[in-house]
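# Structural overview
Each chain is listed here by its residues.
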Amino acid sequence: MAQLTNSAKTPFDNAVVRRRQMRKLWLAFLLFPAMAILLTFVFLPMASAIWYSVYEWDGLVRGEFIGLGNFQEVLFDPRNNKFLINAFFNNVKVFIALMIVQNGLALILALFLAREPKGYRFYQIAFFLPVILSTVIIGFQWKLFLNPIFGLVNTLLRNVGLGDWAVPWLGLPETALGAMILVNAWHWVGFPTLVFLAAIHRIPKDLIEAARLDGASEWMIARDIIWPLMAPAVTIIVVLTFIGSFNWFEIPYIMGGLEGSPSYSTDMLGLLFYRTAFGSVSAGNSDFGTGSALAVLIFIFIFTFSTIATRYLTSREVELN
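Here is what the cut-offs are and how they apply
- Residues numbered from 1 in each chain as written.
- Predicted model: local features only at pLDDT ≥ 70, side-chain atom pairs only at ≥ 80, totals over all residues.
- Heavy atoms only, no water.
- Helix = DSSP H or I, 4+ residues; strand = E, 2+ residues; numbered from the N terminus.
- Rg over C-alpha atoms; globule rule 2.2 N^0.38 Å.
- Buried < 20%, exposed > 50% of the residue type's maximum accessible area, 1.4 Å probe, protein only.
- Contact = heavy atoms within 4.5 Å.
- Areas by Shrake-Rupley, 256 points an atom, 1.4 Å probe, with all protein chains shown as cover.
- Lys, Arg positive; Asp, Glu negative; His and termini not counted.
- Charge placed at Lys NZ, Arg CZ, Asp CG, Glu CD.
- Axes fitted to C-alpha atoms, helices over the stretch in contact; angles between N-to-C directions.
- Parallel < 35°, antiparallel > 145°, perpendicular 65-115°, else oblique.
- Left-handed = near helix turned anticlockwise from the far one by under 90°.
- Expected span 1.5 Å × (residues − 1).
- Pairing = 2+ DSSP bridges.
- Phe/Tyr/Trp six-rings, centres within 6.5 Å; stacked < 30°, edge-to-face > 60°.
- Lys NZ or Arg CZ within 6 Å of the ring centre and 35° of its normal.
- Core = buried A, V, L, I, M, F, W, Y, C linked by side-chain atoms within 4.5 Å.
- Salt bridge = Lys/Arg side-chain N within 4 Å of Asp/Glu carboxyl O.
- Polar contact = N/O pair within 3.5 Å; in protein donor to acceptor, adjacent residues only side chain to side chain.

On to the overall build of the chain, then. Secondary structure summary: the chain contains 16 helices and two strands in total. Compactness check: the chain gives a C-alpha radius of gyration of 26 Å against a globular reference of 20 Å for 321 residues, more than 25% above the reference. Projected onto its principal axes, the C-alpha coordinates of the chain cover approximately 90 × 75 × 35 Å. Across the 321 residues in the chain, those meeting the buried criterion constitute 36%. For the chain, the share of sequence-separated contacts (at least 6 apart) that also reach a separation of at least 24 residues comes to 64%. Of the roughly 19,800 Å² of accessible surface on the chain, 69% is carried by carbon and sulfur atoms. Distance from the positive charge centre (22 side chains) to the negative charge centre (20 side chains) of the chain: 12 Å.

Now the structure itself:
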């Protein structure tokens, strides 16, 4: 019977089988580089952090297994606890500020671009251009702009008669974090702008035109039609902003230093992890165990709350038919 079945296959059937096998091999070939990068730079470091966090470390030398001892030290040791609480609330401030300043401005810009004003394409490029620039370049550039002596910002303020406002922006605890948040918003505002704009373009124009014919104002259209139908895009931006805010490292490191200067007012969880794992003036010698435990806690917190937020916001979305 098996011989009859095999003999019944035509050359066309064999060609189809070979084509399917080649397609699977081609897909595997295309996926292999991405999977290799993901394994090397994501899953392997995560597994290493978990492994390191349950051991005691003396510099680079691994000591004995201590279980959750490093986690207890991060959460309850007074020497680490005060830095952890301060850094955590600084990250919370960053998230709230970016949601209001960065994403609020992005929504306004998206509504403006959705009307396709004159120079529409130019505005799109201009708003998105800072996004493609290196964060390191952005940090050093704005650090020069905010220099209290020769910086562009204070020079402009003095030239327009606002010399009293010319302060050392990165040298005062009251202004340092706010200045960095504004720099980050300038750097990334183009991304949520284009995401919101794409969501607005998905809304049927007939729906908006019908509302205008019924006498609805632009504010009512934005509130009652555009905003609810943008829900999927809002979910994406809120979750990405949350993850980015609690992973914030480059700009505060470049503009404020590893110690979160001035007076730890710009200290972040990412900076605290780096100081703990690799050592600094405030953290002392490097401690891979405690640093890895902190990294694991940061990952658990971000993963848990981003998952909860995604499910909650997804449940409130209005799907387009």
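Next comes the rest of the description.
Before going further, it helps to spend a moment on the packing of helix 7 (residues 135-145) against helix 9 (residues 176-188). At a minimum axis separation of 11 Å, helix 7 and helix 9 run at an interaxial angle of 135°. Considered as vectors, helix 7 and helix 9 are oriented oblique to each other. Both helix 7 and helix 9 take part in a crossing whose hand is right-handed. Contact with helix 7, carried on its side by Thr-135, Ile-138, Gln-141 and Trp-142, involves Val-183, Trp-186, His-187 and Trp-188 of helix 9 and no other residues of that element.

The end-to-end C-alpha separation of helix 5 (residues 102-114) is 18 Å, in line with the 18 Å expected for 13 residues at 1.5 Å each. Those residues of helix 5 that are buried are in contact with helix 4 (78-100), helix 6 (120-128), helix 9, helix 10 (190-202) and helix 13 (231-246). Looking at the residues trailing helix 5, positive phi occurs at Glu-116, about 50°.

A word on the pairing of strand 1 (residues 55-58). In strand 1, alternate side chains face the same way, and those of Tyr-55 and Trp-57 are buried while those of Glu-56 and Asp-58 on the opposite face are not. Note: strand 1 against strand 2 (residues 61-65), three bridges, orientation antiparallel. Bridge pairing links Asp-58 to Val-61 in strand 2. In textbook terms, the turn of a hairpin is the stretch between consecutive antiparallel strands, and for strand 1 and strand 2 this stretch comprises two residues, one of which, Gly-59, has a positive phi near 65°.

Moving on: the packing of aromatic side chains. Per the counting criterion, the structure on display carries 26 aromatic pairs. With a centroid separation of 5.8 Å and 75° between ring planes, the pair formed by Phe-278 and Phe-288 is classed as edge-to-face. Pair noted here: Phe-278 is in helix 15 (residues 269-278) and Phe-288 is in helix 16 (residues 288-315), with a separation of 10 residues, a long-range link. Classification of Phe-278 as partly exposed rests on a relative accessible area of 46%. Taken together, Tyr-52, Trp-57, Phe-249, Tyr-253, Tyr-274, Phe-278 and Phe-288 form an aromatic cluster joined through their ring pairs. The side chain of Arg-62 reaches across the aromatic face of Tyr-55, ending 4.6 Å from its centre. When the ring centre of Phe-83 is taken as origin, the NZ or CZ atom of Arg-275, which lies over that ring, is 5.8 Å away.

Membership of the largest hydrophobic core comes to 22 residues, with the highest contact counts inside it found for Phe-196, Ile-203, Ile-221, Ile-225, Ile-226 and Met-230. Filtering out sequence-adjacent residues up to four positions away, Phe-196 remains in contact with Asn-103, Ala-106, Leu-107, Ala-110, Met-230, Ala-233, Val-234 and Ile-237. With 19 residues, the next largest nonpolar core counts Val-94, Leu-177, Ile-251 and Met-268 among its residues.

Another aspect to go through is the environment of Leu-146. Within the fold, Leu-146 resides in the loop between helix 7 and helix 8 (152-159). Leu-146 gets classed as buried once you look at its relative accessible area, which sits at 7%. For the pair Leu-146 and Val-167, spaced 21 residues apart in sequence, the C-alpha to C-alpha distance is 9.0 Å. With residues near it in sequence (within four places) discarded, Leu-146 still touches Val-153, Trp-169, Leu-170, Ala-179, Val-183 and Met-255.

With the rule as written, the count across this model stands at seven salt bridges. Among the ionic pairs, Arg-212 bridges to Glu-209, the shortest N-O distance being 3.1 Å. One end of the pair, Arg-212, and the other, Glu-209, are both in helix 11 (residues 205-213), three residues apart, so they sit about a helical turn from each other. Residue classification places Glu-209 among the partly exposed residues on the basis of a relative accessible area of 42%. Sharing partners across several salt bridges, the network here consists of Arg-115, Glu-209, Arg-212 and Glu-218.

Quick look at the environment of Lys-143 now. Within the element layout of this structure, Lys-143 appears in helix 7. C-alpha separation for the pair Lys-143 and Ala-179, spaced 36 residues apart in sequence, amounts to 9.8 Å. Excluding residues that lie within four positions of it along the chain, Lys-143 makes contacts with Leu-170, Ile-254 and Met-255. At a separation of 3.3 Å, a polar atom in the side chain of Lys-143 contacts the main-chain carbonyl oxygen of Ile-254.

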